[in-house]
Each structure stands twice: as C-alpha cells, then as structure tokens.
Amino acid sequence: MSSSSSPAAPSSSTAFTPLQLAWLGTGAMGLPMAQRLCAAGHRVHVWNRTTARAEPLREAGAVLHTQAADAVRAADVVVGMLENGPVVQDVLFGAAEAAAHMRPGTLWIDMASIAPDEARAHTERLARLGIHALDAPVSGGTVGVEAGTLSIMVGGSAEDFARATPIFSALGRATRVGPAGSGQLAKVANQMIVGTTIGAVAEALLLCARGGADMAQVRQALLGGFADSRILTLHGERMVQRDFARRARMQVQLKDMRNALHTADALDCQLPITALVEQLYADAIAHGLGDLDHSALFLELARRNGMA
C-alpha cells in the first residue's frame, strides 16, 4: 500500500495505547486491513492457514504465527477476517481451537460476512468462555481499505463497541446497529442492494447498447441524476471497459445473497427480487464466471442477449 493510504502515526501529544492484537485471516481484504492496524501502531500477531500469504505483514512489523492458538494467547482483541461462517466456526471451535486459547475478557471481532444466526451462535458460545464478541462486517472493498473509508456495521454491546473504537477508526467509519447478529443483518442488506443494483446497471447499459446508444456516454449522462450510485460509478465503468478483474468475487456475492435468503426464511420474510438476482449469480457461476469480479454479472446478462 502506498504511504498516502496509511493512517498517520500517533503524535507524541496524543494519548495512544497500542492494543495487543491478534489478526486471523489475510486474504484480499484481511491483509491490507491488518497492514493499516500495524501502521496505526498496534502490536499485531497474525495467523493465516497459508503462512506465506501473510509474509508482507512481517515487513509491516507484525509477528507471524503458524498456529492460531499462539497468535491469540496474549491478545486483548482478536479480529477474524475469514472466508465464511463454517470457516469461522472451525477456526474458533474446531481444528484451530482459537477460542480455547483466548483469555477470559478478550474481545473477539468477526469482520467476515457470515449469516446473522451464525454470528449469534458464535457470540453465545464465546460468552460461555468469558469472551466478549462483536460482529462487524465491512463494505467498501479493497479501495475502501486503502483509503481507510470502510463502512463497518457492528452488532454487539455498546461497551464492546467503545472498546473496539481504536481498531475501527484505523479502518473506516463504524456504526453500531444493534445487538449480536445485527451487524451481519446490515451486511446482508448491503449485499442485497449491491447485488441487485449491479444487475440493474448491467441490464440498463445492455438495453441502451442494443438500442444503438453509446454505453460509456449513457453512464456519463446518468451520473449526478437520481440513478447515480457508487455501483453506476465504479461497476458501471468496469462494464463499459469490460474490466472484470477480481476485486470482490462473484462466488462471495452469491454466498451473501444466499445468506439473505436463508435469513429471510428464518424470519418468514419474502424477498422475491433477491431470489431472482441470486439465481442470476448462480447461473453466471455455472457458466464459468465464478472467479471474476461480481460486476461480471454483466457478462451473464450479455450472454443471454447474444451480446457477450
């Protein structure tokens, strides 16, 4: 990451107490997030299933561990940025046994995107061990990480939210939205809006192209009007340029849409639009687009119209 995207080091006149922090998971989002916390001055201990992928953090000042238990043992706060709910459960309570090696009073912050009922179950299980918990998924992608502008949606107690402020402030803007599981509910809502809007922008641009308009100019014309959005700005540009290099994977978007439908079933809430869009992402993945950016839903819709 460039120095311009790193948080400023605390000044000598600012009261700053570095946290003893464990970070679990150094994927596309987890690695730069951990880098920001190193740059903010926290003492960061890192574990990743594939240790080599965490190597850039050694240069940033982090201590790397080959076992999750060793990373969390002395931590005040443990942050997870893992792939999905089953992986989180396995790292906490399964083979990695991270929870068993956390001290009572430790704060666990799960920043992965998992189902709300999974987050609540993990919180209840951790509480029996004397461990506090927040579910705090993020939105903003790698662009938001580098700029320190992630939107962080937090579920848990007000006291634990306050305790996590030094971490959240290094990463972006955090909002506590309710008790345990609420952060994941907000992330589900975020992903419903993102996934559906990507589909709407793709269909609109394809319609205009089929009618003879210039897609790039249509997108430009819509910017600033009621149809404007970050999706139109960023993902619309990717569609115009046909640049579907992975930033947020199609597979992850599908997982999030399915989390939404799973949650809706549990709450007896009908989401017909989300169900339709979930099927489009599933079809896109079935047609070989799973490792592309989620904006590549455009290609699935183009294929259906003979415009791929």
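All values derive from a computational prediction rather than experimental measurement. (Residues numbered from 1 in each chain as written. Predicted model: local features only at pLDDT ≥ 70, side-chain atom pairs only at ≥ 80, totals over all residues. Heavy atoms only, no water.)

## Re the environment of Q220
Then, number 1: Tracing the backbone through its elements, the reader meets Q220 in helix α10 (residues 215-222).
Then, number 2: Along the primary structure Q220 and H235 are separated by 15 residues, whereas in three dimensions their C-alpha atoms are 13 Å apart. (Helix = DSSP H or I, 4+ residues; strand = E, 2+ residues; numbered from the N terminus.)

## Quick notes on the pattern of salt bridges
Then, number 1: Inspection of every chain in the model, using the stated rule, returns 14 salt bridges.
Then, number 2: In this structure, the salt-bridge partner of R249 is E83, at a minimum N-O distance of 4.0 Å. Of this pair, R249 sits in the loop between α11 (230-241) and α12 (250-266) while E83 sits in the loop between β4 (77-80) and α4 (85-93); the two residues are 166 residues apart in sequence, bridging distant segments of the chain.
Then, number 3: A residue is classified by how much of its surface remains accessible, and R249, at 25% relative accessible area, is partly exposed.
Then, number 4: One salt bridge connects E300 with R303, and the closest N-O pair in it is separated by 2.8 Å. Of this pair, E300 and R303 both sit in helix α14 (residues 297-304), separated by three residues, roughly a single helical turn.
Then, number 5: With a relative accessible area of 39%, R303 lands in the partly exposed category.
Then, number 6: Because the salt bridges share partners, they merge into one network encompassing D283, E300, R303 and R304. (Salt bridge = Lys/Arg side-chain N within 4 Å of Asp/Glu carboxyl O. Buried < 20%, exposed > 50% of the residue type's maximum accessible area, 1.4 Å probe, protein only.)

## A look at unusual backbone geometry
Then, number 1: For E97, which is not glycine, the phi dihedral falls at a positive 55°.
Then, number 2: Topologically, E97 is positioned in the loop between α4 and β5 (107-110).
Then, number 3: In this structure, D268 is a non-glycine residue whose phi angle is positive, near 55°.
Then, number 4: Structurally, the position occupied by D268 is in the loop between α12 and α13 (272-289).

## A few points about the nonpolar core
Then, number 1: W23, M33, I109, M111, I152, I167 and F168 are the most contacted members of the largest nonpolar core, which has 34 residues in total.
Then, number 2: Among the secondary structure elements, those contributing two or more residues to this core are β1 (20-24), α1 (30-39), β2 (43-47), β4, β5, β8 (150-155) and α8 (165-171).
Then, number 3: Of all the elements, α1 adds the most residues to this core, at five residues.
Then, number 4: Setting aside residues up to four positions removed in sequence, W23 forms contacts with G30, M33, A34, L37, V44, H45, V46, W47, V79, M81 and M111.
Then, number 5: Listed in part, the 28 residues of the second largest apolar core include V194, I231, V277 and A284. (Core = buried A, V, L, I, M, F, W, Y, C linked by side-chain atoms within 4.5 Å. Contact = heavy atoms within 4.5 Å.)

## Some thoughts on the packing of aromatic side chains
Then, number 1: Across all of its chains, the model carries two aromatic pairs by this definition.
Then, number 2: On the numbers, 5.9 Å between centres and 40° between planes, the contact of F161 with F168 is tilted.
Then, number 3: Just above the ring of F93 sits the side chain of R125; from NZ or CZ to the centre is 4.1 Å. (Phe/Tyr/Trp six-rings, centres within 6.5 Å; stacked < 30°, edge-to-face > 60°. Lys NZ or Arg CZ within 6 Å of the ring centre and 35° of its normal.)

Bear in mind that shape data such as this cannot, by itself, settle questions of function.
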